[in-house]
Amino acid sequence: MSTASVWPLRANAGFELAAELGYDGVEVMVWADSISQDVSALKWLSEKTGVPVLSIHSPSLLITQRIWSPDPEVRLRRSVEAALELGARTVVVHPPFRWQRRYADSFPDLVAELEETSGVEVAVENMFKVKPPVGDRNRRVSAFRPSIDPTDVGYAHYTLDLSHTAAAGMDAFALADRMGPNLTHLHLADGTGLPKDEHLVPGKGTQPCAEILEKLVAQEFDGQVVLEVNTRNARNSADRARLLAESLLFARLHLGQ
């Protein structure tokens, strides 16, 4: 379970709920929450709850551009270092923004270097287009370079995000096929096809969440499936726990567990 799934609660609530509901581990979303930025605190939480950190989501969101450092290369390197300290197998990272020209030019080589020197999988995630700040409100533009599809460049490891395929109007099966055996990380969520990142509970939108899970099983997938859903509209703590328990049951059912 991604700790983002308990937002606006902090990372400690993610560890506690993951332990209570029986998740196998957590992905730490590194963002404004100070706990998510503190490797020592995360290590303590993992030991206290018995919930391992399986992956780190690098602070590559628009709102996290100054977490750890204003330099995106430093942030990615810090993410890999955190993964090593916490025993996490994977770092999830978004493609560079269009205005990060120097970072974008060096990004493929940087990812390859970090993987080779650390042994951590740096799994580049598919994204989606957004409304431009001015002009035609029906038009969508890519904020990422060279595109929202990481297979346009080619990496050793990919993250497939099903909320992002919904927002982008992309065929999730076709993208999974392009990623091929390099698909090693799945962000399980849903979306209705609206041009926004909804991160619905799987089964509540239009994405083939069940079919993608079953496809992975048939292919003897040995990567990670991470629940990254939006529970900020939960009425109370019991409602949030219900949504996360329902998501866990959905995943285990279609993974044949």
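Residues numbered from 1 in each chain as written. Predicted model: local features only at pLDDT ≥ 70, side-chain atom pairs only at ≥ 80, totals over all residues. Heavy atoms only, no water.

Per an unreviewed UniProt entry, the protein is named Sugar phosphate isomerase/epimerase family protein, and its organism is Haloechinothrix salitolerans.

(A) Here's a closer look at unusual backbone geometry. Across the junction of W7 and P8, the peptide omega takes the value 15 degrees, indicating a cis bond. Of the consecutive residues R145 and P146, the connecting peptide bond is found in the cis state with omega at 0 degrees. Relative to the elements of secondary structure, P146 occurs in the loop between β4 (121-125) and β5 (158-161). Unusually for a residue other than glycine, W68 sits at a positive phi of about 70 degrees. Along the chain, W68 falls in the loop between β2 (53-57) and α4 (72-86). Judged by relative accessible area, which is 18%, W68 ranks as buried. Residues other than glycine seldom take positive phi values, yet E220 does so here, at roughly 55 degrees. Checked against the element boundaries, E220 lands in the loop between α8 (209-218) and β7 (224-227). What makes E220 exposed here is its relative accessible area of 70%. (Helix = DSSP H or I, 4+ residues; strand = E, 2+ residues; numbered from the N terminus. Buried < 20%, exposed > 50% of the residue type's maximum accessible area, 1.4 Å probe, protein only.)

(B) Summary view of a nonpolar patch on the surface. A contiguous nonpolar surface patch, about 400 Å² in accessible area, is contributed by L62, I63 and W99. Along the chain, L62 falls in the loop between β2 and α4. For L62, a relative accessible area of 56% gives the class exposed. (Patch = residues over 30% accessible without salt bridge, like charges linked within 9 Å, V, L, I, M, F, W, Y side chains within 5 Å. Areas by Shrake-Rupley, 256 points an atom, 1.4 Å probe, with all protein chains shown as cover. Salt bridge = Lys/Arg side-chain N within 4 Å of Asp/Glu carboxyl O.)

(C) Looking closely at the sheet that holds β4. Ordered in space as β1-β2-β3-β4-β5-β6-β7, the seven strands form an open sheet in which the pairing is parallel. Among the strands making up the open sheet, the edge pair consists of β1 (26-29) and β7. On average, each strand axis in the sheet is inclined to that of its neighbour by 25 degrees, with strand direction left out of account. With two bridges connecting them, β4 and β5 associate as parallel partners. Among the inter-strand pairings, E125 is bridged to a residue of β5, identified as T159. Along the sheet face, α4 touches β2, β3 (90-93) and β4 and points at about 155 degrees away from the line of β3. (Pairing = 2+ DSSP bridges. Axes fitted to C-alpha atoms, helices over the stretch in contact; angles between N-to-C directions. Contact = heavy atoms within 4.5 Å.)

(D) Local environment of the nonpolar core. Residues I56, L76 and L160 are the most contacted members of the largest nonpolar core, which totals 66 residues. Every residue in contact with I56, bar those within four places of it in the chain, is listed here: E27, V28, V30, S79, A83, L86, A88, T90, V91 and V92. (Core = buried A, V, L, I, M, F, W, Y, C linked by side-chain atoms within 4.5 Å.)

(E) Up close: the packing of aromatic side chains. Using the criterion set out here, one finds six aromatic pairs in the structure. Note on W7 and W31: the rings are 6.5 Å apart at their centroids and 55 degrees apart in plane angle, and the pair reads as tilted. You can see W7 sitting in the segment before α1 (11-21) and its partner W31 sitting in the loop between β1 and α2 (34-37), a full 24 residues away along the chain. Taking the relative accessible area as the measure of exposure, W7 reaches 40% and is therefore partly exposed. The buried category is assigned to W31, whose relative accessible area is 15%. With centroids separated by 6.3 Å and ring planes inclined at 85 degrees, the aromatic side chains of Y155 and Y158 adopt a geometry described as edge-to-face. Put simply, the rings of Y103, F107, Y155 and Y158 touch in pairs and so form one group of aromatic residues. (Phe/Tyr/Trp six-rings, centres within 6.5 Å; stacked < 30°, edge-to-face > 60°.)

(F) Seen up close, the environment of S40. In this fold, S40 is placed in helix α3 (residues 39-49). On the basis of relative accessibility, which here comes to 57%, the residue S40 falls in the exposed class. Sequence-wise, S40 and E85 are 45 residues apart; in three dimensions their C-alpha atoms are separated by 9.0 Å.

(G) Broad picture of the pairing of β5. Here β5 shows no split at all, with Y158 and L160 on one side and T159 and D161 on the other all buried. Bridge count for β5 against strand β6 (residues 183-188) is four bridges, and the pairing is parallel. Paired with D161 across the strands is H187, a residue of β6.

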